[in-house]
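# Secondary and tertiary structure notes
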Amino acid sequence: LLVLARPDAAITSYHPGEESLRVEDALRAAPALIGKAPDFIHLGLGNADLLAGIDPAAALEALRGLVQLLTLKTQAAVSVATVVSSFLPPEARPAAEVFNAGLPALAGDRVRITDLDLPVRAFLDVHRRAGGEKRALHARPLRLTSMGRAFLARTAFVRSGLEELA
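Throughout this description, residue numbers start from 1 for each chain and increase along the sequence as written. In view of the model being predicted, local features appear only for residues whose pLDDT reaches at least 70, and side-chain atom pairs are presented and counted only at 80 or more, with totals across whole chains, interfaces and linings using the full set of residues. The side-chain figures draw on all heavy atoms in the structure; neither hydrogens nor water molecules are used.

Running from N to C, helix α1 (residues 23-34) and helix α3 (residues 56-73) point in directions that differ by 10 degrees, and their axes come no closer than 9 Å. Taken together, the axes of α1 and α3 lie roughly parallel to each other. Every residue of α3 that contacts α1 at Val23, Glu24, Ala26, Leu27, Ala30, Leu33 and Ile34 is listed here: Ala59, Ala62, Leu63, Gly65, Leu66, Leu69, Leu70 and Lys73. Axis lines are fitted through C-alpha atoms, for helices just across the contact stretch, and the angle between N-to-C directions can take any value from 0 to 180 degrees. By the criteria applied, helices consist of DSSP H or I runs no shorter than four residues and strands consist of E runs no shorter than two, each listed in order from the N terminus. Each angle receives one of four descriptions, namely roughly parallel if under 35 degrees, roughly antiparallel if over 145, roughly perpendicular if within 65 to 115, and oblique otherwise. Every residue pair with non-hydrogen atoms within 4.5 Å of one another is taken to be in contact.

Inspection of the secondary structure assignment puts Asp49 in helix α2 (residues 47-51). Burial status follows relative accessibility: with a 1.4 Å probe on protein chains alone, a residue under 20% of its type maximum counts as buried, one over 50% as exposed, and anything between as partly exposed. Charge assignment: positive for Lys and Arg, negative for Asp and Glu; neither His nor the chain ends contribute. Salt bridge, as used here: a side-chain nitrogen of Lys or Arg that lies within 4 Å of a carboxyl oxygen of Asp or Glu. Look at Asp49: it is buried, it has no salt bridge, and the nearest opposite charge is Arg22 at 5.3 Å. Once residues lying within four places of it in the same chain are set aside, the contact partners of Asp49 are Leu21, Arg22, Val23, Ile54 and Ala59.

Enumeration according to the criterion identifies 3 salt bridges in this entry. Arg64 is paired through a salt bridge with Glu61; the nearest N and O atoms lie 3.2 Å apart. Remark: Glu61 and Arg64 occur in helix α3; sequence separation between them is 3 residues, near one turn of the helix. The salt bridge involving Asp117 is made with Arg121; its shortest N-O contact spans 2.8 Å. Here the residue Asp117 and the residue Arg121 both occupy positions in helix α5 (residues 117-127), the gap between them amounting to 4 residues, near one helical turn. The buried category is assigned to Asp117, whose relative accessible area is 5%.

The next subject is α3. Taking 1.5 Å as the rise per residue, α3 with 18 residues should run 26 Å; its terminal C-alpha atoms sit 26 Å apart, in good agreement. For α3, the full list of buried residues reads Pro56, Ala59, Leu60, Ala62, Leu63, Leu66, Val67 and Leu70. Taken end-on, α3 shows its buried residues confined to a sector of 160 degrees, consistent with a single buried face. Exposed and oriented more than 90 degrees from the buried face of α3 are Leu72 and Lys73. On its buried side, α3 packs onto α1, β3 (40-43), α2, β4 (77-81), α4 (93-102) and β5 (111-114). Working rule for helices: expected span equals 1.5 Å times residues minus one. It is the directions from the helix axis to the C-beta atoms that the arc portrays.

Moving on, we get to the side chain of Ser85. With respect to the helices and strands, the residue Ser85 is situated in the loop between β4 and α4. Taking relative accessible area as the criterion, Ser85 reaches 7% and is therefore assigned buried. Those residues in contact with Ser85 that sit more than four places away from it in its chain are Arg93, Ala96, Asp117 and Arg121.

This next bit is on the pairing of β3. On β3, burial covers both faces: Phe40 and His42 on one face and Ile41 and Leu43 on the other are all buried. Note that β3 and β4 share 4 bridges and pair parallel. Across the sheet, the residue bridging to Leu43 is Val80, located in β4. Should DSSP find at least two bridges between two strands, the strands are taken to pair.

Moving on, we get to the pairing of β5. Judged from the 4 bridges that link them, β4 and β5 form a sheet pairing that is parallel. From the neighbouring strand, Ala81 faces β5, where its bridge partner is Thr114. By convention a crossover is right-handed if, when the strands point away from the viewer, the path from the first strand over the helix to the second runs clockwise. Each parallel crossover has a hand, and for β4 linked through α4 to β5 it is right-handed.

Our next topic: the packing of α3 against α4. Put simply, α3 and α4 touch, their axes get as near as 9 Å, and they point 35 degrees apart. Read as a crossing pair, α3 and α4 show a hand that is right-handed. On the side of α3, the interface is formed by Pro56, Ala59, Leu60 and Leu63, while α4 contributes Ala95, Val98, Phe99 and Gly102. Looking at the contact of α3 with α4, its residues break down into 7 nonpolar, 1 polar and no charged. The crossing is said to be left-handed when, going from far helix to near helix, the turn is anticlockwise and less than a right angle, and right-handed when the turn is clockwise. Put simply, Ala, Val, Leu, Ile, Met, Phe, Trp, Tyr, Cys and Pro go in the nonpolar bin, Asp, Glu, Lys and Arg in the charged bin, and everything else, Gly too, in the polar bin.

Next up, the structure:
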């Protein structure tokens, strides 16, 4: 979870448990997030749910509840990121496709879907020829390297429309 609050344009990251944060956990932590009076919230959830074998429809429904709560209780613009299927083991990728396919239904006036899956796949396709390139972004499922974090942060910034809030 990423939160941007103005007027000081302070970006704070609020992600208890980080890589292991499930949508249900984020829903329970929502009051603390709402209390930060954010202008912008970026949600990158779903990976931990899918790795734990949670049905993608159930994870998506929990995410729908979180997004509704955030749009009702804040004035924030909300960016919901797709799950990056390339960072998941092959057996979890079909669930990621189902999860990602349901995300457009969450879009609304203040809710934007930020596709990170496509740019990552394109990057990996271009760099697949060199050994170890994929590992340059992530060390294992749900554990990004610093380069992976920078790559996703830049991609999310550009694709989420954060510049429009300035």
